[in-house]
Amino acid sequence: MQEVGRYQIDEMSGEGAMARVYKAYDPKIDRTLAIKALKSHLLADDEYRARFLREAKGAGILSHPNIVTVFDVGEEDRQPYIAMEWVDGPTLADLLKEGKSFTPRQIVEIGIQLARALDYAHKKGIVHRDVKPGNVMLVKDTLTVKVADFGICRINETEQTQKADQTQMGAVLGTPNYMSPEQVQGLSVDARSDLFSAGVVLYQMLTGHLPFESDSMITVVYKIANTDAPSLDKLRPDLPLSLRRVIARALKKAPEKRYQTGEAMAQA
């Protein structure tokens, strides 16, 4: 693509299962931004297209310093797109891949921002459903968090719509290693599922390992649903006990035993 709507496409900057993200330019207001476009093989699927646009509009109601801002949503020649804030900086996934280590203090700072961003979205009725290092960006040379990709978020709608969505889209929703027990079991999810995923991200930053991992996806799913993560008390006894307890609570199997809100987790 060279342009979409009034936006001039510069280069592709990343891609996921459903969409590609491009660095772009808005000549009307002289601004660099990101354009997210649905992949071509999904364009013929009306359900995907409708969902992509509907949930982009949902994300468009979010205005928070730690959430990537959506500026515009549109469709041109049956190509739906989202125009959003360009974040100059890496994702946590990029940094972890490079082997970057963070101090506990830095991880706490990142965790508070992540929990508060999710809390804000939850209060607006939006559950992210794909919280993972690849969707948490850091503004270049800072610890400022920007949560990205509400592309598979669930907007609170009628139960019937949710069930239809779960059936049709269930196969591609979320990234298994970061999913909550209820999510891997195909049950309905709420804000507390996002907080479990945030706990997985923080655990990985603190230890360098995922709490639930295996060569087999079936085993990963089984572990998430049935076994406890290796204890931080053994892996990182140098960490403050209070921090170990926060992560342990975030990773509780039963949603009612976790933090009930992002703000409660941020405070802890």
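(A) Broad picture of the overall build of the protein. When its secondary structure is counted, the protein shows 10 helices and 10 strands. Whereas a compact globule of 268 residues would reach a radius of gyration of roughly 18 Å, the protein reaches 18 Å, a difference of no more than 12%. Its C-alpha atoms give the protein principal-axis dimensions of about 55 × 45 × 35 Å. Buried positions account for 49% of the 268 residues belonging to the protein. The contacts of the protein with a sequence gap of at least 6 include a subset with a gap of at least 24, amounting to 60%. A total of about 13,200 Å² of accessible surface is found on the protein, and carbon and sulfur atoms cover 49% of it. Measuring between centres, the 35 positive side-chain charges of the protein sit 6 Å from its 36 negative side-chain charges.

(B) Structural view of the nonpolar core. L92, F102, I110, F150, M205, I247 and M265 are the most contacted members of the largest nonpolar core, which has 64 residues in total. Broken down by element, the residue count for this core peaks at 9 residues, all from helix α6 (residues 191–207). Among the nonpolar cores identified, the runner-up in size contains 10 residues, and I9, L33, A37 and A83 belong to it.

(C) Structural detail: α6. Over its 17 residues, α6 runs 25 Å from end to end, which matches the ideal 24 Å to within 8%, given 1.5 Å per residue. Burial analysis of α6 places 17 of its 17 residues in the buried class, which makes it a mostly covered element. Downstream of α6 by a residue or two, G208 has a phi angle that is positive, lying close to 85°.

(D) Quick look at the pairing of strand β4 (residues 31–38). Of all 8 residues that make up β4, 6 are buried, and the element is covered over most of its length. Bridging between strand β3 (residues 19–26) and β4 involves 8 bridges; their strand directions are antiparallel. From the neighbouring strand, A19 faces β4, where its bridge partner is L38. Connecting the antiparallel pair β3 and β4 is a turn made up of 4 residues, with D30 showing a positive phi of about 50°. The pairing of β4 with strand β6 (residues 79–85) spans 5 bridges and is classified as antiparallel. Counted as the bridge partner of A34 is M84 from β6.

(E) Looking closely at the layout of surface pockets. The volume enclosed by the second largest pocket comes to roughly 330 Å³. Taken together, 19 residues make up the lining of the second largest pocket; nearest its centre are D228, A229, A248, L251 and K252. Elements supplying a minimum of two residues to the lining of the second largest pocket: α8 (232–235) and α9 (241–250). It is α9 that contributes the most residues to the lining of the second largest pocket, 5 residues altogether. Along the lines of polarity and charge, the residues of the lining of the second largest pocket split into 10 nonpolar, 2 polar and 7 charged.

(F) Representation of the confidence of the model for the protein. Put simply, the protein has an average pLDDT of 88, and 91% of its residues get 70 or more. When pLDDT is averaged over each helix and strand of the protein, the minimum, 40, is found for helix α4 (residues 159–169) and the maximum, 98, for helix α10 (residues 262–267). Within the model, pLDDT remains below 50 along residues 154–173, and this stretch shows 34 contacts once partners closer than five positions in the same chain are excluded.

(G) Quick look at the pairing of strand β2 (residues 7–15). Summarising the sheet, strand β1 (residues 3–4) and β2 pair through 2 bridges and their orientation is antiparallel. Bridge pairing in β2 places V4 opposite Y7. Linking β1 back to β2 in an antiparallel pair, the connection comprises 2 residues, with G5 at a positive phi of about 60°. Note: β2 against β3, 6 bridges, orientation antiparallel.

(H) Focus on the sheet that holds β4. With antiparallel pairing, the 6 strands of this open sheet are ordered in space as β1-β2-β3-β4-β6-β5. A strand with exactly one partner marks an edge of an open sheet, and here the two such strands are β1 and β5 (70–76). Along the sheet, helix α1 (residues 46–59) makes contact with β3, β4, β5 and β6, crossing β5 at roughly 160°.

(I) Examining unusual backbone geometry more closely. A positive phi angle is found at D77, which is not glycine, with a value near 50°. Within the secondary structure layout, D77 lies in the loop between β5 and β6. For R129, which is not glycine, the phi dihedral falls at a positive 75°. Along the chain, R129 turns up in the loop between β7 (126–127) and β8 (136–138). According to the relative accessible area criterion, R129 is buried, its value standing at 8%.

Analysis parameters
- Residues numbered from 1 in each chain as written.
- Predicted model: local features only at pLDDT ≥ 70, side-chain atom pairs only at ≥ 80, totals over all residues.
- Heavy atoms only, no water.
- Helix = DSSP H or I, 4+ residues; strand = E, 2+ residues; numbered from the N terminus.
- Rg over C-alpha atoms; globule rule 2.2 N^0.38 Å.
- Buried < 20%, exposed > 50% of the residue type's maximum accessible area, 1.4 Å probe, protein only.
- Contact = heavy atoms within 4.5 Å.
- Areas by Shrake-Rupley, 256 points an atom, 1.4 Å probe, with all protein chains shown as cover.
- Lys, Arg positive; Asp, Glu negative; His and termini not counted.
- Charge placed at Lys NZ, Arg CZ, Asp CG, Glu CD.
- Core = buried A, V, L, I, M, F, W, Y, C linked by side-chain atoms within 4.5 Å.
- Expected span 1.5 Å × (residues − 1).
- Pairing = 2+ DSSP bridges.
- 1 Å grid on protein atoms, 1.4 Å probe; cavity = no way out; pocket = protein on both sides within 12 Å on 5 of 7 lines; lining within 4 Å.
- Points joined across faces, edges and corners; volume = space filled by probe spheres on them.
- Nonpolar A, V, L, I, M, F, W, Y, C, P; charged D, E, K, R; others polar.
- pLDDT = per-residue confidence, 0-100.
- Axes fitted to C-alpha atoms, helices over the stretch in contact; angles between N-to-C directions.

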